[in-house]
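# Notes for the structure review
These are the residues of each chain, in order.
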Amino acid sequence: GAGVSQTPSNKVTEKGKYVELRCDPISGHTALYWYRQSLGQGPEFLIYFQGTGAADDSGLPNDRFFAVRPEGSVSTLKIQRTERGDSAVYLCASRQTGGDNTGELFFGEGSRLTVL
Amino acid sequence: AQSVTQPDIHITVSEGASLELRCNYSYGATPYLFWYVQSPGQGLQLLLKYFSGDTLVQGIKGFEAEFKRSQSSFNLRKPSVHWSDAAEYFCAVGSGYSTLTFGKGTMLLVSP
């Protein structure tokens, strides 16, 4: 597609439930990132994929958070046993790699997660 | 570890006045530096970027920024602010091959 697409745009769930957030990056972008943005804060890094593998998952806050990218395109961020503190906007971004890469991340509009 | 400091949480500027948003970074090598803008309910849009060459970079919407290595700064400027510039602005630093680290943002308010 033309840009990074994230679904759902809004998700309301109850404490303890399982949630999946989906990201469809720009076609041809092999690098994919997940960030979390809490109210009044800047985006905080969660995980970065290069192709199918997680190149850096040091930002995942705990083992309730997991992400996959099985075919090197679409990625799913999975949150188990959600807590109220998980409420935030989850941003996905993708980036070119190779000779044209200038480091710029292209962001989707985010998935707003509210845990009641 | 890389980090970004945006010392101003909020700034209010009169329409037509000049603007400067401050950004200081900490990075172990030559940084790639970025300014993004986020309007309410929207994703992050790139305003401009620096990764080499001329230290004064021009971006979209009339914005510019200057990389000053000696001060570890990358301040964003605009000579004349328009009401549509009201938004939140984020400075970010990275290597171009891994993650970007963002500051906490500066909210720009434009008064008539």
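Residues numbered from 1 in each chain as written. Chains lettered and ligands numbered in written order. Predicted model: local features only at pLDDT ≥ 70, side-chain atom pairs only at ≥ 80, totals over all residues. Heavy atoms only, no water.

## Considerations on the overall build of chain A
Per the secondary structure count, chain A includes zero helices and eleven strands. Taken from N to C terminus, the helices and strands of chain A fall in the order β-β-β-β-β-β-β-β-β-β-β. Taking 116 residues into account, the globule formula puts the C-alpha radius of gyration at 13 Å, and chain A, at 14 Å, falls close to it. The proportion of buried residues among the 116 residues of chain A is 47%. In chain A, once contacts between residues fewer than 6 apart in sequence are set aside, the share between residues at least 24 apart is 53%. As displayed, chain A offers around 5,500 Å² of accessible surface, 45% of which is attributable to carbon and sulfur atoms. Across chain A, the 12 positively charged side chains and the 13 negatively charged ones have centroids separated by 8 Å. (Helix = DSSP H or I, 4+ residues; strand = E, 2+ residues; numbered from the N terminus. Rg over C-alpha atoms; globule rule 2.2 N^0.38 Å. Buried < 20%, exposed > 50% of the residue type's maximum accessible area, 1.4 Å probe, protein only. Contact = heavy atoms within 4.5 Å. Areas by Shrake-Rupley, 256 points an atom, 1.4 Å probe, with all protein chains shown as cover. Lys, Arg positive; Asp, Glu negative; His and termini not counted. Charge placed at Lys NZ, Arg CZ, Asp CG, Glu CD.)

## Examining the sheet that holds strand 8 (residues 75-79) of chain A
All names here are of chain A. Read across the open sheet, the four strands follow the order 1-3-8-7; overall the sheet is antiparallel. Each edge of the open sheet carries a strand with a single partner, namely strand 1 (5-7) and strand 7 (65-68). Mean inter-strand twist for the sheet, computed between neighbouring axes without regard to direction, equals 15 degrees. Sheet topology note: the strand 3 (residues 19-24)/strand 8 ladder contains five bridges and is antiparallel. (Pairing = 2+ DSSP bridges. Axes fitted to C-alpha atoms, helices over the stretch in contact; angles between N-to-C directions.)

## Remarks on the nonpolar core
Where a protein is soluble and globular, its nonpolar side chains tend to be buried together. By size, the foremost hydrophobic cluster in this structure holds 25 residues, and its most contacted members are B:Leu19, B:Trp35, B:Leu47, B:Leu48, B:Phe74, B:Leu76 and B:Tyr89. Only strand 2 (10-14), strand 3 (19-21), strand 5 (32-38), strand 6 (44-50), strand 8 (64-68), strand 9 (73-78) and strand 10 (87-94) of chain B provide two or more residues apiece to this core. In this structure, A:Val4, A:Val19, A:Leu21 and A:Leu46 belong to the second largest nonpolar core, which totals 20 residues. (Core = buried A, V, L, I, M, F, W, Y, C linked by side-chain atoms within 4.5 Å.)

## Examining the state of the cysteines
Following the criterion strictly, the structure yields two disulfides over all chains and no others. Across the disulfide, A:Cys23 is cross-linked to A:Cys92 (sulfur-sulfur distance 1.9 Å). Here A:Cys23 and A:Cys92 share a disulfide; its torsion about the S-S bond, -70 degrees, makes the bridge left-handed. Taken together, the residues A:Cys23 in strand 3 and A:Cys92 in strand 9 (residues 88-95) connect sequence positions 69 residues apart. The disulfide that involves B:Cys23 links it to B:Cys91, with 2.0 Å between the sulfurs. Taking the torsion about the sulfur-sulfur bond, which here is approximately -65 degrees, the covalent link between B:Cys23 and B:Cys91 counts as left-handed. In this pair, B:Cys23 sits in the loop between strand 3 and strand 4 (24-26) while B:Cys91 sits in strand 10, placing the two residues 68 residues apart along the sequence. The pair B:Cys23 / B:Cys91 is uniform in exposure class, with both members buried. (Disulfide = S-S within 2.5 Å.)

## Examining the interface of chain A and chain B
On the side of chain B, 20 residues touch chain A, which itself brings 20 residues to the contact. Summed over both sides, the interface of chain A with chain B buries roughly 1,600 Å², with 52% coming from carbon and sulfur. If you sort the residues of chain A by the area they bury against chain B, A:Thr102, A:Glu104 and A:Phe107 come out on top, with a joint share of 28%. Here chain A and chain B share one salt bridge between them. Notably, a salt bridge pairs B:Lys49 with A:Glu104, separated by 3.1 Å at the nearest N-O pair. (Buried area = accessible area lost by both parts, 1.4 Å probe. Salt bridge = Lys/Arg side-chain N within 4 Å of Asp/Glu carboxyl O.)

By themselves, these figures tell us nothing about what the structure is for.
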